[in-house]
Amino acid sequence: MLFRLSGLCLVGMVLLGAAPPTYGQPADTTQLPEIAPREIEIRGERQVALPSLERQPLTGFTSPPSIPTVPPDHRPYTGSYDQPLEGLPERLPVPETASTSMDPTAEPARGYLEGGSGRYFRRFFEGRVGVPLSSQSQLSVHGAYTGTEADPNDDVAKADVRLTHTQDPVRLNAMAHGNVQRYALFGASPVGPTATQVPDRESYSAGGAVQLRHTDSAAPARAEVRYDQTQYTSLLAPGTGELTYDQQQLGLGGEATVPVPYRPHLSVQYQRSWLSNDAQTNTAFDVDATGTVSYSPSDPVSLEAGATLLAFDTPAQPTQPSAGSAEATFVAPAVNAEWRVAEGARLFLRNRPRLGETSLEHLYATNPYAQHAPSLRPTLETTNAEAGLTLTRGLVRLVAAAGYRYAPTYRYFALSAQGAYEGLHGVQYDAARFLEGRGEVALQGVEGVQASLGLTVQDGTLPDLDTSIPNVASVTADALLTLSFAEGDGFLKAYGQFHGPRDAGLNRSVRLDPYFSMDLEGAYAVGSDLELVARAEQLSIDAPTRWANYPQPVAALSVGLRLRW
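Report on the accompanying structure. Predicted, not measured: the structure shown is a model, and the values here were computed from it.

Definitions and cut-offs
- Residues numbered from 1 in each chain as written.
- Predicted model: local features only at pLDDT ≥ 70, side-chain atom pairs only at ≥ 80, totals over all residues.
- Heavy atoms only, no water.
- Core = buried A, V, L, I, M, F, W, Y, C linked by side-chain atoms within 4.5 Å.
- Buried < 20%, exposed > 50% of the residue type's maximum accessible area, 1.4 Å probe, protein only.
- Helix = DSSP H or I, 4+ residues; strand = E, 2+ residues; numbered from the N terminus.
- Phe/Tyr/Trp six-rings, centres within 6.5 Å; stacked < 30°, edge-to-face > 60°.
- Lys NZ or Arg CZ within 6 Å of the ring centre and 35° of its normal.
- Polar contact = N/O pair within 3.5 Å; in protein donor to acceptor, adjacent residues only side chain to side chain.
- Contact = heavy atoms within 4.5 Å.
- Salt bridge = Lys/Arg side-chain N within 4 Å of Asp/Glu carboxyl O.

1. Some words on the nonpolar core
In step 1: Ranked by internal contacts, the top residues of the largest apolar core, which has 23 residues, are L185, L363, Y364, Y369 and Y550.
In step 2: Of all the elements in the fold, those that place two or more residues in this core are strand 8 (221–237), helix 2 (360–366) and strand 19 (421–443).
In step 3: Tallying contributions element by element places strand 19 first for this core, with four residues.
In step 4: With eight residues, the next largest nonpolar core counts A407, Y410, Y412 and A432 among its residues.

2. A few points about the packing of aromatic side chains
In step 1: Evaluation of the coordinates by the stated rule reveals 11 aromatic pairs.
In step 2: Judged by centre distance (6.4 Å) and plane angle (25 degrees), the rings of F485 and Y524 are stacked. Of the two residues, F485 is situated in strand 22 (residues 475–485) and Y524 in strand 26 (residues 515–525); the sequence distance between them amounts to 39 residues.
In step 3: Here a set of aromatic residues connected by ring pairs shows up, and it is made of Y183, F186, Y369 and Y550.
In step 4: Just above the ring of F434 sits the side chain of R405; from NZ or CZ to the centre is 4.1 Å.
In step 5: Positioned over the ring face of Y112 is R562, at 5.8 Å from the centre of the ring.

3. Describing the environment of G445
In step 1: Examined against the element boundaries, G445 turns out to sit in the loop between strand 19 and strand 20 (449–462).
In step 2: Distance in space between the C-alpha atoms of G445 and L395 is 5.8 Å, their sequence separation being 50 residues.

4. Quick notes on the side chain of T358
In step 1: The topology assignment puts T358 in the loop between strand 15 (354–355) and helix 2.
In step 2: Accessibility expressed as a relative area gives 4% for T358, which makes it buried.
In step 3: A distance of 3.2 Å separates polar atoms of two side chains, one belonging to T358 and the other to Q271.
In step 4: Looking at T358, its side chain comes within polar contact range of the side chain of D286, at 3.2 Å.
In step 5: The contacts of T358, once residues within four sequence positions are left out, are Q247, Q249, Q271, D286, L376, P378 and R411.

5. Examining the pattern of salt bridges
In step 1: A full pass over the atoms with the stated rule returns 22 salt bridges.
In step 2: Among the ionic pairs, D155 bridges to R182, the shortest N-O distance being 2.4 Å. Linking D155 in strand 4 (residues 154–167) with R182 in strand 5 (residues 170–184), this pair joins segments that are 27 residues apart in sequence.
In step 3: Look at D155 and you get buried, because its relative accessible area is 13%.
In step 4: A relative accessible area of 27% places R182 in the partly exposed class.
In step 5: With a closest N to O distance of 2.3 Å, D228 and R226 form a salt bridge.
In step 6: Under the relative-accessibility criterion, D228 is labelled buried at 14%.
In step 7: Beyond isolated ion pairs, a larger network of salt bridges with shared partners links E114, E531, R535, R562 and R564.

Pasting the structure below:
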């Protein structure tokens with residue numbers, strides 16, 4: 001009992017000691033203001049005044065600009081505005097020239113120069129330099145010389161200058177060229193005592209061309225004018241001296257696509273030719289014009305169809321004015337159809353009528369041993385049809401096709417005689433028909449490597465003469481391989497061709513054996529701007545003979561140096 005009373009007294013004393021003493025002090029009635037008032041009342045007007053800014057006048061203006069007062073009902077003018085020239089301000093001041101260190105560096109001239117020699121006292125020199133005239137213009141100069149003292153003795157020098165200017169979408173190309181050549185007709189045999197030496201043939205050609213091209217893919221167009229002059233001199237009649245034959249050609253060409261439905265396309269090539277024995281009023285001409293429209297009924301199918309006009313008129317025998325002229329005019333269908341049957345597989349069908357070359361230089365480039373002063377009729381093919389399949393699988397592309405060609409006028413070469421010599425190739429013209437099939441396999445998409453192999457089997461006949469076409473092989477093949485190695489320091493190119501047996505003339509008395517020939521070319525960088533070059537041309541077991549009586553030297557080896565900058 002005593003213990004419980006003592007505990008109660010102890011608790012009461014603790015509670016009394018914790019309570020604040022209020023006796024003897026006045027009560028505190030102070031109230032603190034609210035920090036975040038619930039209502040705010042703003043009375044009066046608030047004005048913000050900024051200092052007015054006036055632009056300082058620029059040097060050269062007649063008066064400083066003023067700050068116009070814009071009325072509240074002003075509306076901007078949306079029509080065209082032309083201010084008279086006299087009302088324009090004076091020319092703005094030209095800024096000071098930038099320091100030399102800040103001037104843009106012009107692209108340096110680039111080019112190369114190479115030369116060398118080898119077997120048969122073969123020599124070659126070639127150089128090219130490209131100079132940028134501006135960011136849009138480029139000047140390029142190229143020259144080359146090759147020569148050999150083996151049969152045939154041959155010297156060729158050529159040069160050309162090109163100027164390119166691009167102002168999108170227009171591109172201008174201008175070109176001038178020249179060519180001089182001398183070679184021996186070493187396969188020509190004298191038929192009488194007056195001819196005792198191997199006849200020579202010399203030529204020169206010069207010309208130029210200007211081309212304008214509109215590069216917009218929606219409406220591509222091209223226009224070109226060209227002039228060429230060629231002269232050939234042959235010593236085939238010792239008693240009468242040299243025989244000279246020359247040709248001048250003026251060509252006009254162009255093509256355009258109209259950006260409308262079906263995309264009409266027109267291509268025209270027209271040429272006038274003056275021959276050495278022609279009167280100025282009796283010139284030769286040829287024209288090749290094609291007009292087509294395009295149609296694509298579905299995404300994998302495309303069709304381009306139209307017509308081609310082919311025509312020519314030229315002297316039948318240039319050395320005999322009384323022989324009259326040879327002329328022809330044909331209109332033939334032009335078709336190009338494609339069908340993408342699957343991914344990487346495409347069927348095609350096309351007919352492309354064409355008119356061959358009529359230039360004297362092209363004829364002798366095809367057969368340097370042709371007769372002097374030949375007729376320059378072109379090959380005219382009204383039917384040049386082909387159908388086939390292109391198949392791409394990974395790195396390999398395959399092409400297989402079959403075709404038919406018919407030419408009312410076809411140029412071919414046949415072994416014959418002229419003047420005091422025999423063993424030259426006459427230039428003749430007849431109707432021709434071809435049945436052919438071809439195949440090609442190519443490697444693609446491999447860095448630093450290109451390779452292709454092609455095979456053609458054909459049957460060419462002259463239906464009016466019921467015989468095969470001379471100098472046309474029934475089987476031909478070609479192969480190409482280019483290889484870059486050693487991180488681009490080395491380069492190798494190999495090209496081979498095969499020609500099957502063929503007759504050299506219409507009488508079939510001379511038949512040429514098949515031959516295979518390969519050309520190799522390689523280069524290796526031995527320094528930052530110096531390369532070692534080597535060539536091995538006409539590698540064959542026997543002397544490759546493309547034209548009867550004119551075998552080419554075997555294994556023409558040469559080495560040299562190439563300097564780049």
